[in-house]
Amino acid sequence: MRRHSQPIKVAAMTDATPAETAPSVQTAPGAARKLWLSFRRIGLAVAVAYVLICLGMVMMETRLVFPGAYLAATPEFDSPRFSTSDPITNRIVTLDYLAEDEMNLEGRLIVRDDAERVILFLHGNEIRAAEMDHWTLRLSELMHATVLTAEYRGFQGEDFTPTETTCIADAYSALEKLSTITNTPQKQITIYSRSLGGGIAGGLVELLQKEGTPPDSLILDRTFDSTVSVGADRFAWLPVQLLMRNRFDTASRLADFEGCVVQIHGTPDRIVPMKNGKQLFDSLRTPHKSWIEVPDMYHNDRISDATLKEALAELQRLESELATTRTVSTTDPEPVDPK
């Protein structure tokens, strides 16, 4: 009996081995499933977070594109108002004009007795016309011009949400008013725009071209090809092309503009990178255009007197070229019929 006891035990151990090792074989697919479920949960969480961020950006777009409309209201101040019956000249006054919905807008105007040109200035997205009197006066003096710094609905502290469409419409209302009070044809009013104002200017020019009265001259100061292009570079991980509503496609709107364009941009600009400004300039088909690059000017820097004088000189040169071209085209003889 003792001789056979040991083999019996070995057999029992041998029979038990497969049963004992089976659970370890069966846990492999279970662990893989748990890992896959974990990854799926993480993926779903990331997807939900991404969608929420996209929705948040859509909801925040107006604040991002028009931050000036959400700043604290500009303190009211007692300013004389312009009247055609008793015009005040050579000092800044408030010019009242109506938007398309009859809302009153208050631009800042200086009428010069010795004005050589009339300028409509369209400001950017983080300031208001009432805060730009120093600039309005300076632009008037350096360019010897009557200047209206226009305002947009939503930027005066009223309960109004601005959009691309309403800003362009307000610029059109300002242009009409300026043309009326100065007795200057809209075509002869120089449009000077800065930053987002360039996008508004593009929409305004598009409207005027449809009416057959595009302006002769534009000055584009630190502006872009489109807000979508700028946004897509800044938020490369978001589908900006699909999400953005206020697109300000200036390059497309000005592509067929045939007047004079002087464009100014600072090399180190980070808010509107020079790349976007250059893409706009390169897209312009007009031969009457000039690019001024300022090596040390950031987006919110004060533009120098020297740069403004250079811009004016370039604009005058281009306007002279355009006038000559038009004169030649109108005096060319009719082609002779060979028959």
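Quick caveat: nothing in here was measured; it's all calculated off a predicted structure.

Participant: Where do I start with the overall build of the protein in this structure?
Facilitator: Counting its regular elements, the protein contains nine helices and eight strands. Counting only residues that meet the buried cut, the protein has 44% of its 339 residues in that class. Within the protein, contacts between residues at least 6 apart in sequence are counted, and of these 76% link residues at least 24 apart. Total accessible area computed for the protein in this model is approximately 18,500 Å², and 57% of it derives from carbon and sulfur atoms.

Participant: Sorry, what's going on with the side chain of His 299 here?
Facilitator: By the element assignment, His 299 lies in the loop between strand 8 (289-294) and helix 9 (305-331). Here Ser 195 takes part through its side chain, which lies 3.0 Å from a polar atom of the side chain of His 299. In this structure, His 299 is in contact with Ser 195, Arg 222, Asp 269, Ile 271 and Val 272, ignoring residues within four places of it in sequence.

Participant: Can you walk me through the environment of Phe 77 in this structure?
Facilitator: Residue position: Phe 77 is located in the loop between helix 1 (2-65) and strand 1 (92-98). A sequence separation of 53 residues divides Phe 77 from Ala 130, and the C-alpha atoms of the two residues are 9.5 Å apart. Those residues in contact with Phe 77, other than ones at most four positions away along the chain, are Arg 108 and Ala 130.

Participant: Before we go on, may I ask you to explain the sheet that holds strand 3 (residues 117-122) in this structure?
Facilitator: The strands that make up a sheet are held in pairs by hydrogen bonds between backbone atoms, and each pair lies either parallel or antiparallel. Pairing is mixed across the open sheet formed by eight strands, whose spatial order is 1-2-4-3-5-6-7-8. Single-partner strands in this sheet number two, and they are strand 1 and strand 8. Each strand axis lies, on average, 20 degrees off the axis of its neighbour in the sheet, ignoring direction. Note that strand 6 (residues 217-221) and strand 7 (residues 260-266) share five bridges and pair parallel. Directly across from Ile 219, in strand 7, lies its bridge partner Val 262.

Participant: Looking at this model, I keep getting lost on the pattern of salt bridges. Mind explaining?
Facilitator: Any two side chains of opposite charge can pair, given that their charged atoms come close. What the rule picks out here adds up to 22 salt bridges. A salt bridge links Arg 222 to Asp 221; its shortest N-O distance comes to 2.7 Å. Of the two residues, Arg 222 and Asp 221, both sit in the buried class. Put simply, Asp 233 and Lys 275 hold a salt bridge, and the shortest N to O gap is 2.5 Å. In this pair, Asp 233 sits in helix 5 (residues 227-234) while Lys 275 sits in helix 8 (residues 274-283), placing the two residues 42 residues apart along the sequence. A residue is classified by how much of its surface remains accessible, and Lys 275, at 43% relative accessible area, is partly exposed. Here the salt bridges share partners, and the residues they tie into one network are Glu 100, Asp 101, Arg 153 and Asp 170.

Participant: So what exactly am I meant to see when it comes to the environment of Leu 64 here?
Facilitator: Looking at where Leu 64 falls in the secondary structure, it is placed in helix 1. Considering only alpha carbons, one finds Leu 64 and Asn 125, 61 residues apart in sequence, at a separation of 9.1 Å. Residues contacting Leu 64, with those up to four places away along its chain left out, are Met 57 and Asn 125.

Participant: Quick question: what am I supposed to make of helix 2 (residues 133-143) here?
Facilitator: Think of an α-helix as 3.6 residues a turn; residues three or four steps apart then line up on the same face. Along helix 2, the positions that sit buried rather than exposed are Trp 135, Thr 136, Arg 138, Leu 139, Ser 140, Leu 142 and Met 143. His 144 occupies a position one or two residues after helix 2 and carries a positive phi of about 50 degrees.

Participant: Where do I start with the packing of helix 3 (residues 164-182) against helix 4 (residues 196-211) in this structure?
Facilitator: Pairs of packed helices are described in terms of their axes, by the angle between the two and the distance that separates them. Across the interface, helix 3 lies against helix 4 with an axial gap of 9 Å and an inter-helix angle of 65 degrees. Of the two possible hands of crossing, helix 3 and helix 4 adopt the one that is right-handed. Where helix 3 approaches helix 4, its residues Cys 167, Ile 168, Ala 171, Tyr 172 and Leu 175 are matched on the opposing element by Ile 200, Gly 203, Leu 204, Leu 207, Leu 208 and Glu 211. Grouping the amino acids of the contact of helix 3 with helix 4 by side-chain chemistry returns nine nonpolar, one polar and one charged.

About the thresholds
Residues numbered from 1 in each chain as written. Predicted model: local features only at pLDDT ≥ 70, side-chain atom pairs only at ≥ 80, totals over all residues. Heavy atoms only, no water. Helix = DSSP H or I, 4+ residues; strand = E, 2+ residues; numbered from the N terminus. Buried < 20%, exposed > 50% of the residue type's maximum accessible area, 1.4 Å probe, protein only. Contact = heavy atoms within 4.5 Å. Areas by Shrake-Rupley, 256 points an atom, 1.4 Å probe, with all protein chains shown as cover. Polar contact = N/O pair within 3.5 Å; in protein donor to acceptor, adjacent residues only side chain to side chain. Pairing = 2+ DSSP bridges. Axes fitted to C-alpha atoms, helices over the stretch in contact; angles between N-to-C directions. Salt bridge = Lys/Arg side-chain N within 4 Å of Asp/Glu carboxyl O. Left-handed = near helix turned anticlockwise from the far one by under 90°. Nonpolar A, V, L, I, M, F, W, Y, C, P; charged D, E, K, R; others polar.

It is worth stressing that arrangement in space is one thing and function is another; only the former is reported here.
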